[in-house]
Amino acid sequence: MSVKAYSIHYGLAHVDNRAYKREINPVPLADKDAHTMAYIARKEGFDVRHVRINEDATCRQFKDDFETIVKKMKEGDILKFSFAGHGTQVPDISGDEDDEPNDRGQKFDEGFCFYDGIIIDDTVAEMLATIPKGCYFIGMIDCCYSGEAFRYKIDGLQPSKTRIQELVDSFA
């Protein structure tokens, strides 16, 4: 069996303020982070499929990139994803958040700020659920509110320390 290792990288030093209906401060060098992560992935033997920067890092593009790779994945394959930019919180719309509410009784979803809008953790969880059984996902996030960006409440995606060590050793 030939394991394939794919990677996709997104860096947003700025976003379209019109999409957010307010001024969003730039994140200096977030675009450079995406290039750096892609460089590291190449050195690790990953097939870097996309490096999306600023205007090219849209919600639709991320979903399309992810879906295209997931459709190619076979058992044992790996997908590495990196994101550098703004993260945010939005009111929980699905009622699935189990964290403590704020002082006004409100719970929040976390999200990634892409150029044209936000992708919340619920959407990311749905996307992760499409990864074929026996495949692996590595997510590297550099943004605020990223602590719950990836949910491991999905069957088959519980991280395995043994398997992660095997993967690390295989690239050594």
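Residues numbered from 1 in each chain as written. Predicted model: local features only at pLDDT ≥ 70, side-chain atom pairs only at ≥ 80, totals over all residues. Heavy atoms only, no water.

**Considerations on the overall build of the protein**
Inference 1: Check the secondary structure of the protein and you find five helices and seven strands.
Inference 2: The order of helices and strands in the protein, counted from the N terminus, is β-α-α-β-α-β-β-β-β-α-β-α.
Inference 3: For the protein, buried positions account for 43% of its 172 residues.
Inference 4: At a minimum sequence separation of 6, the contacts of the protein that also span at least 24 residues come to 73%.
Inference 5: For the protein, the accessible surface area stands at approximately 9,800 Å², while carbon and sulfur atoms represent 51% of it. (Helix = DSSP H or I, 4+ residues; strand = E, 2+ residues; numbered from the N terminus. Buried < 20%, exposed > 50% of the residue type's maximum accessible area, 1.4 Å probe, protein only. Contact = heavy atoms within 4.5 Å. Areas by Shrake-Rupley, 256 points an atom, 1.4 Å probe, with all protein chains shown as cover.)

**Considerations on the pattern of salt bridges**
Inference 1: Under the criterion given, the structure shown has six salt bridges.
Inference 2: Close ionic contact of R18 with D16 constitutes a salt bridge, the shortest N to O distance being 3.0 Å.
Inference 3: Under the relative-accessibility criterion, D16 is labelled buried at 16%.
Inference 4: K71 serves as the salt-bridge partner of E67, at 3.0 Å between the closest nitrogen and oxygen. In this pair, E67 and K71 are both assigned in helix α3 (residues 59-72), four residues apart and thus about one turn of the helix distant.
Inference 5: Note on K71: relative accessible area 62%, which makes it exposed. (Salt bridge = Lys/Arg side-chain N within 4 Å of Asp/Glu carboxyl O.)

**A word on the sheet that holds strand β2 (residues 47-53)**
Inference 1: Sheet architecture is open: four strands sit in the order β2-β1-β3-β7, paired in parallel fashion. The open sheet terminates on both sides in strands that have one partner only, identified here as β2 and β7 (136-142). Ignoring strand direction, the axes of neighbouring strands in this sheet form an average angle of 10°.
Inference 2: In terms of strand pairing, strand β1 (residues 5-11) meets β2 through six bridges, oriented parallel. Counted as the bridge partner of I8 is H50 from β2.
Inference 3: The sheet strands contacting α3 are β1, β2, β3 (78-84) and β7, and the helix crosses β1 at an angle near 175°. (Pairing = 2+ DSSP bridges. Axes fitted to C-alpha atoms, helices over the stretch in contact; angles between N-to-C directions.)

**A closer look at helix α4 (residues 121-128)**
Residue pairs spaced three or four apart in an α-helix point in one direction, given the helix's 3.6 residues per turn.
Inference 1: Most of α4 sits out of view: six of its eight residues are buried.
Inference 2: Buried residues of α4: D121, D122, V124, A125, M127 and L128, and no others.
Inference 3: In the core, the buried residues of α4 are packed alongside α3, β5 (108-114), β6 (117-120) and β7.

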